[in-house]
Protein chains: 4
Amino acid sequence: MTEPQAATIPRKLPRQARAAATMEAILEGAAHILRRDGLGGFTTNHIAERAGVSIGSLYQYFPGKEAILAELIRRKRAALLGAFQTIAADEALDLPQAIDRLVAVGIDRQLADPVLSLALDYAEAALPLQAETRSLKVALIGTVAGLLARHGIADPAVAARDLIALARGMADLEGLYGEADGPSLGRRIRRAVFGYLGPGPFSSTPLPSGSLK
Amino acid sequence: MTEPQAATIPRKLPRQARAAATMEAILEGAAHILRRDGLGGFTTNHIAERAGVSIGSLYQYFPGKEAILAELIRRKRAALLGAFQTIAADEALDLPQAIDRLVAVGIDRQLADPVLSLALDYAEAALPLQAETRSLKVALIGTVAGLLARHGIADPAVAARDLIALARGMADLEGLYGEADGPSLGRRIRRAVFGYLGPGPFSSTPLPSGSLK
Amino acid sequence: MTEPQAATIPRKLPRQARAAATMEAILEGAAHILRRDGLGGFTTNHIAERAGVSIGSLYQYFPGKEAILAELIRRKRAALLGAFQTIAADEALDLPQAIDRLVAVGIDRQLADPVLSLALDYAEAALPLQAETRSLKVALIGTVAGLLARHGIADPAVAARDLIALARGMADLEGLYGEADGPSLGRRIRRAVFGYLGPGPFSSTPLPSGSLK
Amino acid sequence: MTEPQAATIPRKLPRQARAAATMEAILEGAAHILRRDGLGGFTTNHIAERAGVSIGSLYQYFPGKEAILAELIRRKRAALLGAFQTIAADEALDLPQAIDRLVAVGIDRQLADPVLSLALDYAEAALPLQAETRSLKVALIGTVAGLLARHGIADPAVAARDLIALARGMADLEGLYGEADGPSLGRRIRRAVFGYLGPGPFSSTPLPSGSLK
DNA sequence: AATGAATGAGCCTTCATTCAT
DNA sequence: CATGAATGAAGGCTCATTCAT
């Protein structure tokens, strides 16, 4: 895809409370539109109207629609990254426990807003985003990779990417068409993840034989 | 997303050879545009130009861009479904062998055209497709579910959807950012799949004890 | 209105029965479309489809849509003209009797197909038609004018045009919004017509003096 | 005619003076186009160009060409309605005098712009207008009907519609093909109108008995 | 003669973006 | 800063018409 790289950083940082509120309104409006109309209906005019802000104001805060989308992605990734980092930094957790938590966190966000999540996931994959946004993805994978490496998993970078992709793929479909049963989905994802990682000495509490069903 | 359901079936069947060629040209042009410019650049004018066909001709065969997209999805799914059915019908294969083949087939198609695949996957998930197109997805899942059921897997319908989603999630990202190493990807996907399915009597090479939960 | 004068005569006279049938089918299809969709939906493609004829065939018989419209107008006027001439030629009728008949004939045609009539009336007034078609209108007015002159009406040409316009105006609206009560409409039109003509020696039942002027 | 009811109300009310000027320019441009090219040439692009306004601006104020047409009709009817109400409210006038004035007012407007008037009349009759626009027509008829009722005319609603239709029919044709001699046309219309109303006690110059009815 | 595939000008409309107020 | 009027490129789609088969 070769669309001309667009500016994706907010134009200016709001210094006043009112300005911050305007910016939030725009982003909330954008999320609403994306959820309701998908990427096809994601237009600056609609966003401004929904946000109760003039189109001129919108362009005071964002240089274009790509920037709004990028900011939505950035925030989503940043929140996820923070949660992941906290989990990965917790030395008290063994790998299965850490993965349980990572999966649980990821599922929560996905199921809470499946359509928006799917649209942002696609946008992130398909659109040319700025380096700064991309770096969040790298950090996300890196955090998981570090955790895996610490527990002796081979090829941790590839594994981290695979596992995130796997979980996201399952969660996307469950969100859209399934019954959005988080606990059940979590169990299924963990089975796949642990299968991927293989039987190893990484677990502090080895499970007995005898399958799950 | 509540876009107002668009017509997604071709407008008329070509009666002359020339007409069939035009229709193919349009579909090829559409695939090319989708690959090169993504869903954002997927416009009827671009498609017609790329196909070397007048915009009027395009509308003789398709009532709109949605219909072209739907037809691309339909063809992709139909081809995949055919391959899956052949594999699932082969009684000589045990479950691991059958899964090996399913994964291999799926990977081939995905890696051969990653950007196109991603766009079609997103379109299929996010756009409101017609019943007929959706039925192909159902058939695809059903084929895998039948295979799983025959080998004693519990909850085969959910499992089939999960496994397809899982594999597709991994393959999408590998196609976009990875090294497109099919055999390696295949091995990783299989690990996840067998982990998901759990240790069972289905395997000719039974897994050792110590699986994870 | 200065639209470029278009050809309005049928391209060729059908010599075979099949050809004549095709031409009739086209004209009937055109009337149907005009009735159902108005002048805005009057397109050659729709007409051909409705007529069950290929678009190519349509252009074998008519050089363009204007010609089809013109032919519809021509036929309508010709039929009316024939009826009018018969009435005007009947020496046995006095003026009130003749007018009764003229009005009755006009009303019948208008009420039988009000939407089509209105569209044709507008087309006749607003579109640039060919001399031959226009001449039918002249003949129609002339026929009435001759009748009026024969009974001593002053300014018969203007009167004929006025009376036709008057009756058509009333009939158009009655057709669209009224109860399409022909006899009642006829009575009302005749009151207006005789009022217009004023108390004169034309009637076999002469009116008393005291005109309205 | 069953065209899919289009929006016919202006999109937004102009808040700045500049905006009001733009809206007027659009309406004037639309009137010019209608006059010059008829309904067939009545396109948004032509209107915008003629108005010296971008096509985008046109769509800021009107949701489509139907809305522009509706607004032209609305204004024309509103002006006529105002004049009619003034006349009908004047208790000093007897019926013939009031009718004289109504006819004179109607003729003035029709002859001043015959092509535009004809196009608007047809549009009003043939297009599906909004309730609000239709209500102006009802008010117009109602005003005349009230006047007639006050003077003891039977069936005043039907009579009002008939008389308006009758006058409009005559004026439309006079405007297009006649010599646009207002006074003469007025006299002729009045003859028809009084003939329609019949000899009654309404006139300050009472008619003798012996009407045709 | 008949067919219907093909054409492309042109219509309607949206939308990202700018700029005067 | 905010507003909203204005812009025009561009996209979706139709329709009159031609022409090879």
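Look above for the structure.
How each quantity is defined
- Residues numbered from 1 in each chain as written.
- Chains lettered and ligands numbered in written order.
- Predicted model: local features only at pLDDT ≥ 70, side-chain atom pairs only at ≥ 80, totals over all residues.
- Heavy atoms only, no water.
- Helix = DSSP H or I, 4+ residues; strand = E, 2+ residues; numbered from the N terminus.
- Buried < 20%, exposed > 50% of the residue type's maximum accessible area, 1.4 Å probe, protein only.
- Contact = heavy atoms within 4.5 Å.
- Areas by Shrake-Rupley, 256 points an atom, 1.4 Å probe, with all protein chains shown as cover.
- 1 Å grid on protein atoms, 1.4 Å probe; cavity = no way out; pocket = protein on both sides within 12 Å on 5 of 7 lines; lining within 4 Å.
- Points joined across faces, edges and corners; volume = space filled by probe spheres on them.
- Nonpolar A, V, L, I, M, F, W, Y, C, P; charged D, E, K, R; others polar.
- Near = heavy atom within 4 Å.
- Polar contact = N/O pair within 3.5 Å; in protein donor to acceptor, adjacent residues only side chain to side chain.
- Axes fitted to C-alpha atoms, helices over the stretch in contact; angles between N-to-C directions.
- Parallel < 35°, antiparallel > 145°, perpendicular 65-115°, else oblique.
- Left-handed = near helix turned anticlockwise from the far one by under 90°.
- Expected span 1.5 Å × (residues − 1).
- Salt bridge = Lys/Arg side-chain N within 4 Å of Asp/Glu carboxyl O.
- Phe/Tyr/Trp six-rings, centres within 6.5 Å; stacked < 30°, edge-to-face > 60°.
- Lys NZ or Arg CZ within 6 Å of the ring centre and 35° of its normal.
- Core = buried A, V, L, I, M, F, W, Y, C linked by side-chain atoms within 4.5 Å.

A. Just the overall build of chain A, in detail. For chain A, the helix and strand inventory stands at nine helices and zero strands. Counted from the first residue to the last, chain A has its helices and strands arranged as α-α-α-α-α-α-α-α-α. Per-residue burial for chain A yields a buried fraction of 50% across its 213 residues. Residue pairs in contact within chain A that sit at least 24 positions apart in sequence constitute 70% of those at least 6 positions apart. Accessible surface, chain A: about 9,700 Å² in total, of which carbon and sulfur atoms supply 56%.

B. Examining the layout of surface pockets more closely. Size it by volume and the largest pocket reaches roughly 950 Å³. Forming the walls of the largest pocket are 42 residues, and the residues nearest its centre are Arg168, Gly169 and Asp172 of chain A together with Gly169 and Asp172 of chain B. Put simply, the parts of the chain that give the lining of the largest pocket at least two residues each are α6 (114-126), α7 (131-150) and α8 (156-177) of chain A together with α6 (114-126), α7 (131-150) and α8 (156-177) of chain B. For the lining of the largest pocket, the residue count by class is 25 nonpolar, two polar and 15 charged.

C. Examining the protein's contact with DNA strand F more closely. Every one of the 39 residues lining DNA strand F counts as a neighbour, but Tyr59 of chain B, Thr44 of chain C together with Lys12, Thr22 and Tyr61 of chain D are closest to it. Within 4 Å of the protein, the atoms of DNA strand F are drawn from sugar and phosphate moieties in a proportion of 64%. Contact distances for DNA strand F include 3.4 Å between a phosphate oxygen and a side-chain N or O atom of Arg11 of chain B. At a separation of 3.1 Å, a sugar or linking oxygen of DNA strand F approaches a polar side-chain atom of Arg18 of chain D. Every element with two or more residues in the surface near DNA strand F is listed here: α3 (55-61) of chain A, α2 (44-51) and α3 (55-61) of chain B, α2 (44-51) and α3 (55-61) of chain C together with α1 (17-37) and α3 (55-61) of chain D. Counted by class, the surface near DNA strand F contains twelve nonpolar, 21 polar and six charged residues.

D. Molecular detail of the packing of α6 of chain A against α6 of chain B. Where α6 of chain A meets α6 of chain B, the axes come as close as 11 Å, and the angle between the chain directions of the two elements is 165°. Classed by the angle they form, the pair α6 of chain A and α6 of chain B counts as roughly antiparallel. α6 of chain A and α6 of chain B meet at a crossing whose hand is left-handed. Two secondary-structure elements touch here, α6 of chain A through Leu118, Ala119, Tyr122 and Ala125 of chain A and α6 of chain B through Leu118, Ala119, Tyr122, Ala125 and Ala126 of chain B. A breakdown of the residues in the contact of α6 of chain A with α6 of chain B according to their chemical character gives nine nonpolar, no polar and no charged.

E. Seen up close, the protein's contact with DNA strand E. Close to DNA strand E lie 38 residues, the nearest being Thr44 of chain A, Lys12, Thr22 and Tyr61 of chain B together with Tyr59 of chain D. Separating a phosphate oxygen of DNA strand E from a side-chain N or O atom of Tyr59 of chain A is a distance of 3.0 Å. Among the secondary structure elements, those contributing two or more residues to the surface near DNA strand E are α2 (44-51) and α3 of chain A, α1 (17-37) and α3 of chain B, α3 of chain C together with α2 (44-51) and α3 of chain D. Split into classes, the residues belonging to the surface near DNA strand E amount to eleven nonpolar, 20 polar and seven charged.

F. Structural detail: α6 of chain A. Residue and element names in this part refer to chain A. For α6, spanning 13 residues, the distance from its first C-alpha to its last is 18 Å, which sits close to the expected 18 Å at 1.5 Å a residue. Across the 13 residues of α6, twelve count as buried, placing the element largely inside the fold. Buried within α6 we find Val115, Leu116, Ser117, Leu118, Ala119, Leu120, Asp121, Tyr122, Ala123, Glu124, Ala125 and Ala126.

G. Quick peek at the pattern of salt bridges. Counted under the stated rule, the structure contains 51 salt bridges over all chains. Here Arg77 of chain C ties to Glu124 of chain C by a salt bridge, and the two come within 2.3 Å at their closest N and O atoms. Pair noted here: Arg77 of chain C is in helix α4 (residues 65-89) and Glu124 of chain C is in helix α6 (residues 114-126), with a separation of 47 residues, a long-range link. Glu124 of chain C matches Arg77 of chain C in its accessibility class, with the two residues each being buried. Connected through shared salt-bridge partners, Lys76, Arg77, Asp121, Glu124 and Arg168 of chain A make up one network.

H. Region of interest: the packing of aromatic side chains. All told, the structure shown has two aromatic pairs over all chains when counted by the stated rule. On the basis of an interplanar angle of 10° and a centroid distance of 4.1 Å, the ring pair of Tyr122 of chain A and Tyr122 of chain B is categorised as stacked. Of the two residues, Tyr122 of chain A sits in helix α6 while Tyr122 of chain B sits in helix α6, which places them in two different chains. Judged by relative accessible area, which is 6%, Tyr122 of chain B ranks as buried. Against the face of Tyr196 of chain D rests Arg191 of chain C, its NZ or CZ located 4.5 Å from the ring centre.

I. Molecular detail of unusual backbone geometry. Even without being glycine, Asp155 of chain C reaches a positive phi, approximately 55°. By the element assignment, Asp155 of chain C lies in the loop between α7 (131-150) and α8 (156-177).

J. Examining the side chain of Arg190 of chain A more closely. Tracing the chain through its elements places Arg190 of chain A in helix α9 (residues 182-197). Among residues more than four places away in sequence, those in contact with Arg190 of chain A are Asp100 and Val103 of chain A.

K. The arrangement of the nonpolar core in detail. By size, the foremost hydrophobic cluster in this structure holds 78 residues, and its most contacted members are Leu166 and Leu197 of chain C together with Leu166 and Leu197 of chain D. Apart from residues lying up to four places away in sequence, Leu166 of chain D is in contact with Leu166, Met170 and Ala192 of chain C together with Ile189, Ala192 and Val193 of chain D. Leu166 and Ala171 of chain A together with Val103 and Ala159 of chain B belong to the second-largest nonpolar core, a separate cluster that totals 77 residues.

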